[in-house]
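Here is how the chains run, residue by residue.
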Amino acid sequence: MGKSQFIIQFGGLPVGIHDYEFDIDGTFFTKFETSEFETANIHVDARLTKQNNLLQMHLLLEGTVAIDCDRCLKTFDFPVEAEENLVIKHGNPEESTDEILVIPEGQEEFNLSHYLYEYIVLAIPARRVPCELDKEEFVCDQAVLDKLNHLATETPKEEKEPTNPMWEQLNKIKFNKN
């Protein structure tokens, strides 16, 4: 496996502002086991401000990610827009937080891919019903909705499960105490 394109080499960079660009597609998400995304087209503009003892990264993410509608299961290209800031400094890596990445002393590079993944996931709403956001651009699959409505109004056939004699005895004890 080759080196990741999301590794930022900052050792040897002069103090000042440095710009980076990244393009994220579906192959980016294959590196993450828990990823539910397979298709994406996201452009990332990253501005690294190097100072003597710390780095500041400003990230602007724009593009689309294919998600399934929670209501009708149709796949949509959902727009993703996010603007994030990340501070990188040297020290004890266990002191890292969501906004501050602490890397060991002497390390002159860091991998941005995990942070990019988290920023994309956070840009997607928990309830994914795109037609509620824009009814003209996103149209739910009416055939699936009709089938779900039919299943919801259908009265279930009552099937009485055979009861276990042990539970019958326990229920008698339970109800006799009340």
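All of these numbers come straight from a predicted model, not from anything done at the bench.

The rules we used
- Residues numbered from 1 in each chain as written.
- Predicted model: local features only at pLDDT ≥ 70, side-chain atom pairs only at ≥ 80, totals over all residues.
- Heavy atoms only, no water.
- Salt bridge = Lys/Arg side-chain N within 4 Å of Asp/Glu carboxyl O.
- Helix = DSSP H or I, 4+ residues; strand = E, 2+ residues; numbered from the N terminus.
- Buried < 20%, exposed > 50% of the residue type's maximum accessible area, 1.4 Å probe, protein only.
- Patch = residues over 30% accessible without salt bridge, like charges linked within 9 Å, V, L, I, M, F, W, Y side chains within 5 Å.
- Areas by Shrake-Rupley, 256 points an atom, 1.4 Å probe, with all protein chains shown as cover.
- Core = buried A, V, L, I, M, F, W, Y, C linked by side-chain atoms within 4.5 Å.
- Contact = heavy atoms within 4.5 Å.
- Phe/Tyr/Trp six-rings, centres within 6.5 Å; stacked < 30°, edge-to-face > 60°.
- Pairing = 2+ DSSP bridges.
- Axes fitted to C-alpha atoms, helices over the stretch in contact; angles between N-to-C directions.

## Let's talk about the pattern of salt bridges
For the structure on display, the rule yields 2 salt bridges. Between Arg47 and Asp19 there is a salt bridge, and its shortest N-O distance comes to 2.8 Å. Of the two residues, Arg47 sits in strand β3 (residues 40-50) while Asp19 sits in strand β2 (residues 16-25), which places them 28 residues apart along the sequence. You can call Asp19 exposed: its relative accessible area is 52%. Across the pair Arg128 and Glu36 runs a salt bridge whose closest N-O atoms are separated by 2.4 Å. Separated by 92 residues along the polypeptide, Arg128 in the loop between α2 (113-123) and α3 (130-133) and Glu36 in the loop between α1 (26-29) and β3 bring together distant segments of the chain.

## A few points about a nonpolar patch on the surface
Taken together, the side chains of Met166, Trp167, Leu170 and Ile173 make up a nonpolar region of the molecular surface, amounting to roughly 440 Å² of accessible area. Note on placement: Ile173 falls in helix α5 (residues 165-177).

## Points about the nonpolar core
General note: in soluble globular proteins, nonpolar side chains tend to be found buried as a group. Ranked by internal contacts, the top residues of the largest apolar core, which has 35 residues, are Met57, Phe110 and Leu112. Sorting the residues of this core by element identifies β2, α1, β3, β4 (54-68), β5 (75-90), β6 (100-103) and α2 as the ones contributing at least two each. With 6 residues, β4 is the single largest residue contributor to this core. Not counting residues within four places of it along the chain, the set of residues in contact with Phe110 comprises Phe6, Ile7, Ile8, Phe10, Leu55, Met57, Ile88, Leu101 and Ile103.

## Overview of the packing of aromatic side chains
For any pair of aromatic rings, the description rests on two quantities: the centre-to-centre distance and the angle between the ring planes. Scanning the entire structure with this criterion turns up 10 aromatic pairs. Look at Phe6 and Phe28: their rings are 5.0 Å apart centre to centre, the planes differ by 70°, and that puts the pair in the edge-to-face class. Here Phe6, found in the segment before β1 (7-9), pairs with Phe28, found in helix α1; they are 22 residues apart in sequence, far enough to count as distant. Of the residues examined, Phe6 reaches a relative accessible area of 2% and is grouped as buried. Ring centres of Phe32 and Tyr117 lie 4.2 Å apart, and the angle between their planes is 10°; on these two criteria the pair is classed as stacked. Here Phe32, found in the loop between α1 and β3, pairs with Tyr117, found in helix α2; they are 85 residues apart in sequence, far enough to count as distant.

## What about the pairing of β4?
Pairing of β3 with β4 involves 11 bridges; the strand directions are antiparallel. Its bridge partner lying in β4, Ala40 is registered against Val65. Connecting β3 to the antiparallel partner β4 that follows it, the hairpin turn spans 3 residues. Counted between consecutive antiparallel strands, the loop separating β4 from β5 contains 6 residues, among which Leu73 sits at a positive phi close to 70°.

## Some words on unusual backbone geometry
Phi angles above zero are rare outside glycine, and Leu73 is one such case at about 70°. Residue position: Leu73 is located in the loop between β4 and β5.

## Concerning the sheet that holds β3
To summarise the sheet geometry, strands pair through backbone hydrogen bonds and adopt either a parallel or an antiparallel arrangement. The strand order across the open sheet built from 5 strands is β2-β3-β4-β5-β6, with neighbouring strands paired in mixed fashion. For this open sheet the edge positions go to β2 and β6, each flanked by a neighbour on one side alone. With direction set aside, neighbouring strand axes in the sheet form an average angle of 20°. Pairing analysis gives 10 bridges linking β2 to β3, with the strands arranged antiparallel. Counterpart to His18 in the pairing with β3 is Leu48. Along the sheet face, α2 touches β2, β3, β4, β5 and β6 and points at about 135° away from the line of β5.

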